[in-house]
Amino acid sequence: MPRMPLPRRRLVLVLAALAAVGLVAVVLAFVGGSYARGRVLPAAQEKLGRPVAAADISVGFGRVVLADVVVSGPADPPDAPLVRAPRVEVSFELLPALAGRVRVREIVVERARVTLRRYADGRDNFRDVVDHLRGRGGPGGPAGAARASVTLRQGALDAADEIRGVALRAGTLDAVLPPTGPARVTLGTVRAEAAGPAVAAERLTATVPRSALGPERTFPTVEVVGGSVAPLHSLALTGIRGTARPTGTPGRVAVDLRGGYGGVAEELWTATGEVVPAERRGALDITAARFTLDKLRPILKDTPIIEPAGTSIDASLKVTYADGALRFDGGLRVSGLSLFHPRLGPAPVKRLDALAQVRGAFMPGERHLKLDEAAVTFRNVRLFASGEAYQIGAKTARYEARLQVPPVPCDVALGALPEELTPALKGFRLAGTFKLDLRTKIDMADLDRTELQGEVGIRGCQVLEAPPQASKIAGGFTHRVEVGGREISFFVGPDNPSFVPYADISPAVYAALTTTEDGGFFHHRGFIPAGFRPALVRNLKQGAFSLGASTITMQMVKNALLGKEKTLARKLQELFLTWYVESRLTKERIMEVYLNVIEFGPFLYGIGPAARRYFGKPAATLTALEAAFFASILPSPKRRYVQYCKGALTPDWDKYVRRILAKMHERGRITDEEHEVYQVAELKFSRDEFPGEKECYGQIAAAKSTVGARRVPGLVDDDEPDVKPLEGAEGAKATLLPRRTRRLKVPGDDPGADTGDDTPPPPTKRVRRVKGTGARPAPGIEAIGDLPRRTIPEPEPVPPPRPVPPAKPIPPAKPATPPTPP
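Thresholds, definitions, all that
Residues numbered from 1 in each chain as written. Predicted model: local features only at pLDDT ≥ 70, side-chain atom pairs only at ≥ 80, totals over all residues. Heavy atoms only, no water. Axes fitted to C-alpha atoms, helices over the stretch in contact; angles between N-to-C directions. Helix = DSSP H or I, 4+ residues; strand = E, 2+ residues; numbered from the N terminus. Parallel < 35°, antiparallel > 145°, perpendicular 65-115°, else oblique. Contact = heavy atoms within 4.5 Å. Nonpolar A, V, L, I, M, F, W, Y, C, P; charged D, E, K, R; others polar. Salt bridge = Lys/Arg side-chain N within 4 Å of Asp/Glu carboxyl O. Buried < 20%, exposed > 50% of the residue type's maximum accessible area, 1.4 Å probe, protein only. Pairing = 2+ DSSP bridges.

Asker: Honestly, the packing of helix α6 (residues 507–516) against helix α14 (residues 651–666) in this entry has me stumped. Any pointers?
Answerer: The interhelical angle for the contact between α6 and α14, taken along N-to-C directions, is 95 degrees, at an axis separation of 9 Å. Taken together, the axis directions place α6 and α14 in an arrangement best described as roughly perpendicular. Seen from α6, the contacting residues are A508, A511, A512, T515 and T516; seen from α14, they are I660, K663 and M664. Along the lines of polarity and charge, the residues of the contact of α6 with α14 split into five nonpolar, two polar and one charged.

What follows is the structure in structure tokens.
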């Protein structure tokens, strides 16, 4: 047979090849498509026990691509099936497929989103699938598993357990399940949220043995990289790395973790222990070996801690979990701590040593924290705290707390206060025993039921020796005050012609001040415990601890002995010095100093100069109406000086002053005759010292100026030379009177505003009586602290001031002389 020419043979070979390719394509399309539709999806559905659907199926050489694959079930959340994958590729062997035997080599699932849910009623959307994979729900268990590699790429996980209140989300989910050997699952950008501290990790990798799908339930080995947990908002454990792996004992997992703080990469703590997941219990020992705080310098930038290289810290904590409760017991030691913050005090506090211990439990399911004991030992004084918190973070949260200092020598308690915070207390020597025991109960759903009781036992202390700066207040003393950028020095005592002794001050002034400022002044010992609970309730309702008030004694101490800065240092000294002043001076002397140092207007201090400036008379002849006016301006005397600049009271302010006068009469502090006369009498200002309206307003602006302002301490050294009184500032005062005073409220009274007008409220708002805030202390409480600023005067009606032995009796109120008609 003659041979075919070469070109023709080539053509035949090409046509044969094309025919073979076409045949293979037809076979693949038929076999692959048929297999995918008839066997792949049903097999997957049978293996998982769930409906499996694909929006589209395409077949190529040795592969089948399924688009928008969904594995769903009746318990899935709305619009969130158990698994949704945009693309699933199944690779198979080509030659067996041509013979009708399809062997899957690899399954690649891309960008799958896995959603797991367990609901409050116990239902979930994944247990049935797990049971099938374990071989419990059908033939699709491990014994019948196909020998194919399964790979998940760039997926995501969203899991939530409503029973335990836990949510877990992973930004990436990658997994490799080989035909033999352990599977490997990696979660990236992980965040877990629960009632406890937030937990996160850059990466979690689990190595799962094949036996994990069997009845023995072997636990995987989990590796953590870049983990973090924040037990407190300001304390984050970061850079966590380590493993949790099965031990030789079935069901037990060994934990070995380590990390740092606040993003610092250095390893500063370790956590080792063992957990039993099936029994939901375990224990960890967390240890932070001693290190210096300079290792945490990046996270200390905005904290009060200074000189971190000189501060060392070490801690240990044992944590156990069982029966749904996380129990903790440990301690922390700090050495050489140095602090500085403007709200703490004007000077750094250096080289503090303290030891803290804590023991308690946290029940995540109930959001219940029980603090059995938290103890801080500092300079031989121990402070104990205990309590419970229920439904933490909820609007119905409830709190119970107790704070205690066991009996300790008063001198030791005083010595525990850092000298940098209490310079005015240097030189005090005490005898006696100090103790503290405070208890409170707070129900956020009903704050009016708040309880506060206890004792601050400073009354068990006696002063053996006092520094000259503090004791000289019993006699004359030189005082300095800074206002409007100017420093003024003057003498407080008889040598100052503007000084007014107690006996030479009109009784109407005492009546007005005890009506608006401190109704129990002549009966309490510097503090009014009955006001503490209302102050706490008010602050809780407003969400900030800013409201309080001071007794006249506290205001006198603040003005005469201390500077004006609003710091913890000043408050500590103010509380102690108030107690000291009350134990050393008569009420008459306290009131005398107070009225000779407080501010009545710009650069105007003391009742004597104020009486001359406003009314052109001595303080002894002030009427009840004039005294009520002085009481009305005390919270903000600079701003309310505008009444004097205008030459007469505005109508609304006049009504406000007469409301004070009415309260003075209602409480028996002025006579019926005085009330009848002055309720209708006209209040007239003297113009003898009036500089003119323009200059008068200029005085207000100058006094408020902060240009050149600097801190001026209230206490003056003994060697400070006496300074002659400055014109217009003959009295004495160191700060503006605080607005946190117990008085008739003036709505819109903003000391930062200066509109040139000062309008009190309309008199339609009735002033009601509030019980329990008078001179008598509340049962079961004896404490120190601020009083609330009240909308109305709180004290119950009390008799006219009574003498406090051995001082001279307070002069009784006398019928007033009607003003001379113009």
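Asker: Sorry if this is basic, but what is going on with the pattern of salt bridges here?
Answerer: For side chains of opposite charge, pairing can occur when their charged atoms come near one another. Counted by the stated rule, this structure contains 36 salt bridges. For E110, the salt bridge identified is with R111, shortest N-O distance 3.8 Å. Look at E110 and you get buried, because its relative accessible area is 18%. Classification of R111 by relative accessible area gives partly exposed; the value is 42%. The salt bridge partner of R118 is D161, with a shortest N-O separation of 2.7 Å. In this pair, R118 sits in strand β5 (residues 113–118) while D161 sits in strand β6 (residues 149–161), placing the two residues 43 residues apart along the sequence. We classify R118 as partly exposed; its relative accessible area is 24%. Residue D161 is classed as buried on the basis of its relative accessible area, which comes to 16%. In the salt-bridge network here, residues are joined through shared partners; they are R87, E89, E110, R111 and R153.

Asker: I keep staring at the pairing of β5 and nothing clicks. Help me out?
Answerer: For a regular strand, the rule is simple: side chains alternate between the two faces of the sheet. Alignment of strand β3 (residues 83–92) against β5, held across two bridges, turns out to be antiparallel. Counterpart to R84 in the pairing with β5 is R113. As defined by bridge partners, β5 adjoins β6 across six bridges and the pair is classed as parallel. Opposite R117, over in β6, you have A160 as the bridge partner.

Asker: Is there a simple way to think about unusual backbone geometry in this case?
Answerer: Negative phi values dominate among residues other than glycine, just as trans dominates among peptide bonds. Unlike most non-glycine residues, R111 shows phi in positive territory, near 55 degrees. Mapped onto the secondary structure, R111 falls in the loop between β4 (104–110) and β5. One non-glycine residue, R351, adopts positive backbone phi at about 55 degrees.

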